[in-house]
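Analysis of the macromolecular model
For reference, the chains in residue letters:
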Amino acid sequence: MLEVLDLKVTYGAITALNGVSLGVPAGQIVALLGANGSGKTTTLKAITGLAALSQGRIVFAGREIQGLPPHDIIRLGIAVVPEGRRIFANLAVLENLLLGAYFRQEKEFIRDLAWLYETFPRLAQRQDQAAGTLSGGEQQMLARGRALMSRPRLLLLDEPSLGLAPLLVREVFHIIRHLNQQGVTILLVEQNAFAALAVAHYAYVLETGHLVLEGSGTELLSHPRLKDAYWGDDLEEDRGG
Ligand SMILES: Nc1ncnc2c1ncn2[C@@H]1O[C@H](COP(=O)(O)OP(=O)(O)OP(=O)(O)O)[C@@H](O)[C@H]1O
Ligand SMILES: [Mg+2]
């Protein structure tokens, strides 16, 4: 569904990505792992047209999308849940969801809203509440719900577990798996390698703008390079809690 080929992105003198190639097959969850500053968010920005490429190609559903403006890329069926939620705090939950469905027809919106409220019952209970008054975990749900309202073929998630308590982290990954079972293809950016590898069909590991490892979730979980120093911090169950 998505193919990223030999990407290079620079910010002034900083090379954030160099020679990154990865693929996301339809129907799968692919994880992109890496430490702080390794280029994970930049990869998502490049895919959604928010970071300019100095080299490389991005093919989505058979079509080259590099150089297209972000709104055209989103229309093609890519949705992103950025780092740090970015919901509209002063708008009601329902209004946030409406914004996610901006390009869609009303009839489809009503049908999908029913589906979304089944998946996230808590959003249904709070649909008239200002989004800024939701708890952190509920805001995460809303950000994900809003992205889903555009009926994406590909959903990009940037660190969905960041800053959540362990119980909520488990819930988030449960929902990610559930969405995937419903047919949503997912590219999941995470520092929480253990949780991501447990749900991912395939994973890539970035280190300062280069891919250093790739393999199936189970392969990487037992890989010595990940087991040792690399993910040392993530061994703590209560990361970010
Ligand atoms: N707008 C920018 N201007 C200059 N440098 C940037 C910019 N955005 C990112 N960078 C640099 O590019 C590198 C990759 O950043 P990126 O945000 O992609 O990392 P990341 O893997 O998402 O990290 P984190 O886990 O902390 O979110 C970092 O060294 C960062 O400082
Ligand atoms: Mg990031």
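The structure displayed is predicted, hence computed values, not measured ones.

1. Quick notes on the overall build of the protein
Regarding its fold elements, the protein presents 10 helices and 10 strands. Relative to a compact globule of 241 residues, whose C-alpha radius of gyration would be 18 Å, the protein shows 17 Å and is just as compact. If one aligns the C-alpha atoms of the protein with their principal axes, the spans along those axes are about 45 × 40 × 35 Å. Buried residues in the protein amount to 39% of all 241 residues. Here the contacts in the protein between residues at least 6 apart in sequence split such that 67% fall between residues at least 24 apart.

2. A look at the sheet that holds strand S10 (residues 210–216)
The 6 strands lie next to each other as S6-S7-S8-S3-S9-S10, forming an open sheet whose pairing is mixed. Of all strands in the sheet, those bounded by a partner on one side alone are strand S6 (78–81) and S10. Recorded for the sheet is a direction-independent mean angle of 15 degrees between the axes of neighbouring strands. Bridge count for strand S3 (residues 29–34) against strand S9 (residues 202–207) is 5 bridges, and the pairing is parallel. Across the sheet, residue Leu-32 finds its bridge partner in S9, namely Tyr-204. Each of S3, S6, strand S7 (154–158), strand S8 (185–190) and S9 touches helix H1 (residues 40–47); the most contacted strand, S7, lies at about 150 degrees to it.

3. Brief notes about the site of ligand 1
Surrounding ligand 1, one finds 13 residues, the nearest of these being Tyr-11, Ala-16, Lys-40, Thr-41 and Thr-42. When contributions to the shell around ligand 1 are tallied by element, the ones reaching two or more residues are strand S2 (14–24) and H1. Looking at the shell around ligand 1 residue by residue, the classes come out as 3 nonpolar, 8 polar and 2 charged.

4. Points about the environment of Phe-120
Looking at the element boundaries, Phe-120 is found in the loop between helix H4 (106–119) and helix H5 (121–125). Owing to 20 C-beta atoms within 10 Å, Phe-120 belongs among the buried residues under this scheme. Residues Phe-120 and Gly-163, spaced 43 residues apart in sequence, show a C-alpha to C-alpha distance of 20 Å. Contact partners of Phe-120, with chain neighbours within four places excluded, come to Met-141 and Gly-145.

5. Looking at the pairing of S2
Here 8 bridges tie strand S1 (residues 2–11) to S2, and the two strands are oriented antiparallel to one another. Paired with Lys-8 across the bridge in S2 is Asn-18. A loop of 2 residues connects S1 with S2, the two strands running antiparallel in sequence, and Gly-12 in this loop sits at a positive phi of about 55 degrees.

6. Focus: the domain arrangement of the protein
The domain architecture assigned to the protein consists of domain 1 (1–77 + 152–170 + 182–241) and domain 2 (87–150). Facing 8 residues of domain 1, the contacting portion of domain 2 comprises 7 residues. Classifying every residue of the side of domain 1 that touches domain 2 by side-chain character gives 6 nonpolar, 1 polar and 1 charged.

7. Remarks on the sheet that holds S1
Taken together, 4 strands build an open sheet; the order of strands is S2-S1-S4-S5 and the sheet is antiparallel. The open sheet has two edge strands with one neighbour each: S2 and strand S5 (63–64). Pairing of strand S4 (residues 55–60) with S5, which is carried by 2 bridges, proceeds in the antiparallel orientation. Paired with Phe-60 across the two strands is Arg-63, which belongs to S5. Along the sheet, H1 contacts S1, S2 and S4; its crossing angle with S2, the most-contacted strand, is approximately 70 degrees.

8. Considering the nonpolar core
Counting 65 residues, the largest nonpolar core has Ala-31, Leu-156, Leu-187, Leu-188, Ala-196 and Ala-203 as its most contacted members. Taken domain by domain, this core gets at least three of its residues from each of domain 1 (1–77 + 152–170 + 182–241) and domain 2 (87–150). Among residues more than four places away in sequence, those in contact with Ala-31 are Leu-188, Glu-190, Ala-196, Leu-197, Ala-200 and Ala-203.

9. Points about the environment of Ala-114
Along the chain, Ala-114 falls in helix H4. When the C-alpha positions of Ala-114 and Arg-225 are compared, they lie 44 Å apart, and in sequence the two are 111 residues distant.

The rules behind these values
- Residues numbered from 1 in each chain as written.
- Chains lettered and ligands numbered in written order.
- Predicted model: local features only at pLDDT ≥ 70, side-chain atom pairs only at ≥ 80, totals over all residues.
- Helix = DSSP H or I, 4+ residues; strand = E, 2+ residues; numbered from the N terminus.
- Rg over C-alpha atoms; globule rule 2.2 N^0.38 Å.
- Buried ≥ 20, exposed ≤ 12 C-beta atoms within 10 Å, placed from the backbone.
- Contact = placed C-beta atoms within 7 Å.
- Pairing = 2+ DSSP bridges.
- Axes fitted to C-alpha atoms, helices over the stretch in contact; angles between N-to-C directions.
- Near = placed C-beta within 6 Å.
- Nonpolar A, V, L, I, M, F, W, Y, C, P; charged D, E, K, R; others polar.
- Domains from an automatic or database assignment.
- Core = buried A, V, L, I, M, F, W, Y, C linked by C-beta atoms within 7 Å.

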